[in-house]
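# Observations on the model geometry
So the chains spell out like this:
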Amino acid sequence: MFGRRRKQEKWILLAPAILVLALITLIPLANTFWLSFTDTRISAIPSPVRFIGLENYIYALTDPEFREALYRTLYFTIVSVGLEGILGVAVAVLLNQKFRGHLILRALIILPWAVPTIVNAVAWRLIYHPDYGALNSLLFQLGLISDYRSWIGDPATAMNMVILADVWKNFPLVAYVALAALQTVPADLNKAAAIEGAGPWKRFWSITLPWIMGPLMVVMVLRTIEAFRVFDIIYVMTGGGPADSTKTASFYVYQEYFNYLRSGSGASYAVLVAGISAVLILFYYSSAKRQATGATA
Amino acid sequence: MPENQILSVESLQKTYGDVHVLKDINVAMEPGEFLVLVGPSGCGKSTLLSCISGLTEVSSGTIRIAGRDCTHMEPANRDIAMVFQSYALFPNMSVERNIGFGLEVRKVAEAEKKAKVSEVADLLKIEHLLQRRPAELSGGQRQRVAMGRALVRDPKLFLFDEPLSNLDAKLRVTMRTEIKRIHQATGASIVYVTHDQIEAMTLATRIVVMKDGVVQQIGTPHEIYNKPVNAFVADFMGAPSMNLMKGKATPEEGHIRLEIPTPQGRSVSLIDRKTPSQSFRNGPQDVLIGLRPEAMTDQKLSNGSALQSAECLLEVVEPAGADTYAVIHLGETEAIARLSADAPVQAGEMSSITFDLSKVSYFDISSGNRL
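Note that the structure is predicted; figures quoted are calculated from it, not measured.

What counts and how
- Residues numbered from 1 in each chain as written.
- Chains lettered and ligands numbered in written order.
- Predicted model: local features only at pLDDT ≥ 70, side-chain atom pairs only at ≥ 80, totals over all residues.
- Helix = DSSP H or I, 4+ residues; strand = E, 2+ residues; numbered from the N terminus.
- Buried ≥ 20, exposed ≤ 12 C-beta atoms within 10 Å, placed from the backbone.
- Contact = placed C-beta atoms within 7 Å.
- Expected span 1.5 Å × (residues − 1).
- Bend = angle between axes of the 7 residues up to and from the residue.
- Nonpolar A, V, L, I, M, F, W, Y, C, P; charged D, E, K, R; others polar.
- pLDDT = per-residue confidence, 0-100.
- Domains from an automatic or database assignment.
- Pairing = 2+ DSSP bridges.
- Axes fitted to C-alpha atoms, helices over the stretch in contact; angles between N-to-C directions.
- Core = buried A, V, L, I, M, F, W, Y, C linked by C-beta atoms within 7 Å.
- Parallel < 35°, antiparallel > 145°, perpendicular 65-115°, else oblique.
- Left-handed = near helix turned anticlockwise from the far one by under 90°.

## Quick look at the overall build of chain A
- On a plain count of helices and strands, chain A comes out with 13 helices and zero strands.
- Its helices and strands in sequence order give chain A the pattern α-α-α-α-α-α-α-α-α-α-α-α-α, from N to C terminus.
- Overall, chain A is about 80 × 75 × 30 Å in size when its C-alpha atoms are taken along their principal axes.
- Within chain A, the proportion of its 297 residues that are buried is 33%.
- For chain A, the share of sequence-separated contacts (at least 6 apart) that also reach a separation of at least 24 residues comes to 71%.

## Quick notes on helix α8 (residues 158-182) of chain A
Residues and elements named next belong to chain A.
- Here α8 contains 25 residues, and its C-alpha end-to-end distance of 35 Å stays within 8% of the 36 Å for a straight helix at 1.5 Å per residue.
- The largest bend in α8 is about 35°, located at Asn170, with the proline Pro172 one to four residues further on.
- The buried fraction of α8 is high, at 19 of 25 residues.

## Looking at the interface of chain B and chain A
- In this complex, chain B contributes 20 residues to the contact, which on the side of chain A involves 18 residues.
- Mapped by element, the contributors of at least two residues to the side of chain B that touches chain A are β6 (80-83) and α2 (95-105) of chain B.
- Counted by class, the side of chain B that touches chain A contains 14 nonpolar, four polar and two charged residues.

## What about the confidence of the model for chain A?
- With 96% of its residues at a pLDDT of at least 70, chain A reaches an overall mean of 86.
- Ranking the elements of chain A by mean pLDDT puts helix α13 (residues 263-295) of chain A last with 77 and α8 of chain A first with 93.

## Overview of the domain arrangement of chain B
All names here are of chain B.
- Here the domain parsing of chain B yields domain 1 (7-236) and domain 2 (243-364).
- Taken together, the contact pairs six residues of domain 1 with six residues of domain 2.
- Considering each element in turn, the side of domain 1 that touches domain 2 owes the most residues, three residues, to helix α8 (residues 231-236).
- Of the residues in the side of domain 1 that touches domain 2, the class split is three nonpolar, two polar and one charged.

## Quick look at helix α12 (residues 249-259) of chain A
- The complete set of buried residues in α12 of chain A reads Ala249, Ser250, Phe251, Tyr252, Val253, Glu256 and Tyr257 of chain A.
- Of the residues trailing α12 of chain A, Leu261 of chain A is marked for its positive phi of about 60°.

## Topic: the sheet that holds strand β4 (residues 60-65) of chain B
Residues and elements named next belong to chain B.
- Overall, antiparallel pairing links the four strands, which are arranged β2-β1-β4-β5 in an open sheet. Each edge of the sheet is formed by a strand with only one pairing partner; in this case those strands are β2 (19-29) and β5 (68-69).
- As judged from the seven bridges shared by strand β1 (residues 7-16) and β2, these two strands associate in the antiparallel manner. Looking at the pairing, Leu12 lines up with Ile25 of β2.
- Contacts from helix α1 (residues 45-53) reach β1, β2 and β4, with the element oriented near 115° to β1.

## Quick word on unusual backbone geometry
- Following Ala239 of chain B, the chain continues into Pro240 of chain B via a peptide bond in cis, with omega recorded as -5°.
- Within the secondary structure layout, Pro240 of chain B lies in the loop between α8 and β11 (243-252).
- Despite not being glycine, Asp244 of chain A has its phi angle at roughly 65°, a positive value.
- By the element assignment, Asp244 of chain A lies in the loop between α11 (232-237) and α12.
- Positive phi is not limited to glycine here, since Tyr87 of chain B has a value of about 70°.
- As for its placement among the helices and strands, Tyr87 of chain B is situated in the loop between β6 and α2.

## Notes on the nonpolar core
- Formed by 162 residues in total, the largest nonpolar core has its most connected members in Val162 and Ala178 of chain A together with Val36 and Val191 of chain B.
- Here this core gets 15 residues from one element, more than from any other, and that element is α8 of chain A.

## What to know about the pairing of strand β10 (residues 214-219) of chain B
Residue and element names in this part refer to chain B.
- Pairing analysis gives five bridges linking strand β9 (residues 206-211) to β10, with the strands arranged antiparallel. Directly across from Lys211, in β10, lies its bridge partner Val214.
- Here β9 folds back onto β10 in antiparallel fashion, the turn holding two residues, of which Asp212 has a positive phi close to 50°.

## Structural notes on the packing of helix α3 (residues 110-124) of chain B against helix α4 (residues 139-151) of chain B
Residue and element names in this part refer to chain B.
- Where α3 contacts α4, the axes come no closer than 10 Å and their chain directions differ by 135°. Here α3 is positioned oblique relative to α4, judged by the angle of their axes. Every pair of crossing elements has a handedness; the one defined by α3 and α4 is right-handed. The segment α3 lies against α4, with Val120, Ala121, Leu123 and Leu124 engaging Arg144, Met147, Gly148 and Leu151.
- In the contact of α3 with α4, the residues fall into six nonpolar, one polar and one charged.

## What about the sheet that holds β9 of chain B?
Residues and elements named next belong to chain B.
- The six strands are arranged β6-β7-β8-β3-β9-β10 in an open sheet whose pairing can be described as mixed. If you trace the sheet from one side to the other, it starts and ends with β6 and β10, each paired once. Ignoring strand direction, the axes of neighbouring strands in this sheet form an average angle of 20°.
- Here α4 sits on the sheet and contacts β6 and β7 (157-161); the angle it forms with β6, its principal contact strand, is near 175°.

## A short note on the packing of helix α3 (residues 64-95) of chain A against α8 of chain A
All names here are of chain A.
- The N-to-C vectors of α3 and α8 enclose an angle of 40°; their axes lie 6 Å apart at closest approach. Taken together, α3 and α8 sit at an angle that is classed as oblique. The way α3 lies across α8 gives a crossing that is right-handed.

Written out as structure tokens, the structure reads:
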């Protein structure tokens, strides 16, 4: 009697959240999934929707441009998340030291992350500007370049420049999580390791890094998922160009959907990108779980 | 400075800003000694250990380990090992790797490392735990692993920082015995910090009693217990602690007469025949009379002439199993007498208490120093 009422109560309480979730996530997701098996197009004149089975998927998987976009996305993800991880942990280790003004620095370091992605992208586009960009000016004055360059107008450098802007914005998040984790490392562990003869490097690799691995993995997973879906920074900075050199998978989906208005085929790309993300998450999840079993004291 | 000293601390000072934590510490130790630093919290004993380990920089003075000046040496180079109160086991490593960590850092060959780890594991009876992680161990097992990590490198000097404080009372007694056994088996030189005076008494070959950053007394447990240099040491060491009763000592022919006032308005009068009357050549003097609870009893003790009896009012009676403690108001303090377990006594009654004056100590009332 009581148990049944409790059960009903549970569903009543959950209902608003489920409803919102259904409206903004589940229904569009199901709709996208359905669309991916059709030849739907966005057009002013409604045309009959035809179920075409796996045709979109076969096309997507054999489309060399989409494959290249995937490789680009992978490159972007690995390099930017990798750099964010290394830079984030390094900065966290520095900020974890006690020096004059360390509290102020800790507060300041979060600023790049607090800036909206679009603002960050616009700022970096200005920094990279071929005529009056700060980067050109800095490198020129240092004598490292002899002429101003178009950093994001050159297919050879554009992707790395976008990555730099992305790293700048996102490494503080990693640094913050790492710093919080570093503050929980018991001082005795490092003392014990020092007495056992371990130098700073050995202590970092054997004691500190394993200790902060759990929280670090969480933020790295989040960053990987975000990086794999990268869209806004590319949309603002390069629009996928020049010569498709920064056209990532999400951007490709966007174009298929909203530029070429092939929503059926675009949906199949989107499902594929989501699928790859899911695999990445699973991979991280299992390795984080393995780490966690070792790192809990 | 004798060459064979394993540790010598000379004129050691440590200050943090205006706070003077260690004041002119001088301690020396022979190989194989079990030196216990004991004192109330904040007395500087852990700071002293930390200075010896090199984890804390000294302000001035010298620290020598096995004859080498280590004052400004890195901890890793001092040839020491340390056991922490928190055990400080590396959570991401197996027990085996924890114990072998120091050898791993020193790039000892795998086979030799394995042999040494297994030897130590055998000594500590933890062979079956080698593949486990610290999180899977009980407190006592972690303690053993921490000791294993210290023992495996066979260092010149072992430092123990309150190693038993995180264990429950029963396990603490077991591990105390274990530590003593290991000390006897290995002949290791150990500096051991504790706030627990029973640990100090049971483990030490010599005890260093500290208070407010100053060494109060260094001596064997027997010396510390029977001849405390001041009222602080007398009070701190022993449980229950020494009774320090205000009274008057009057030198008379060949003996000293003691008068200890009671709240009932009369005095307990005792004769001390052991202490020479010249000790109080300035005539009658107000002193603190120090007697251990076991020197105030209902039993017929065997050292004849030192025994005195007096009728005392028992205010509280506390049976403690093996003994019964009775609180007696004597010399403006609550003195504790240790009676036999089956003593037919009741709170609120007068009872005859036997005082054993062969072990009496006298302390100056104002300075607290031994007279």
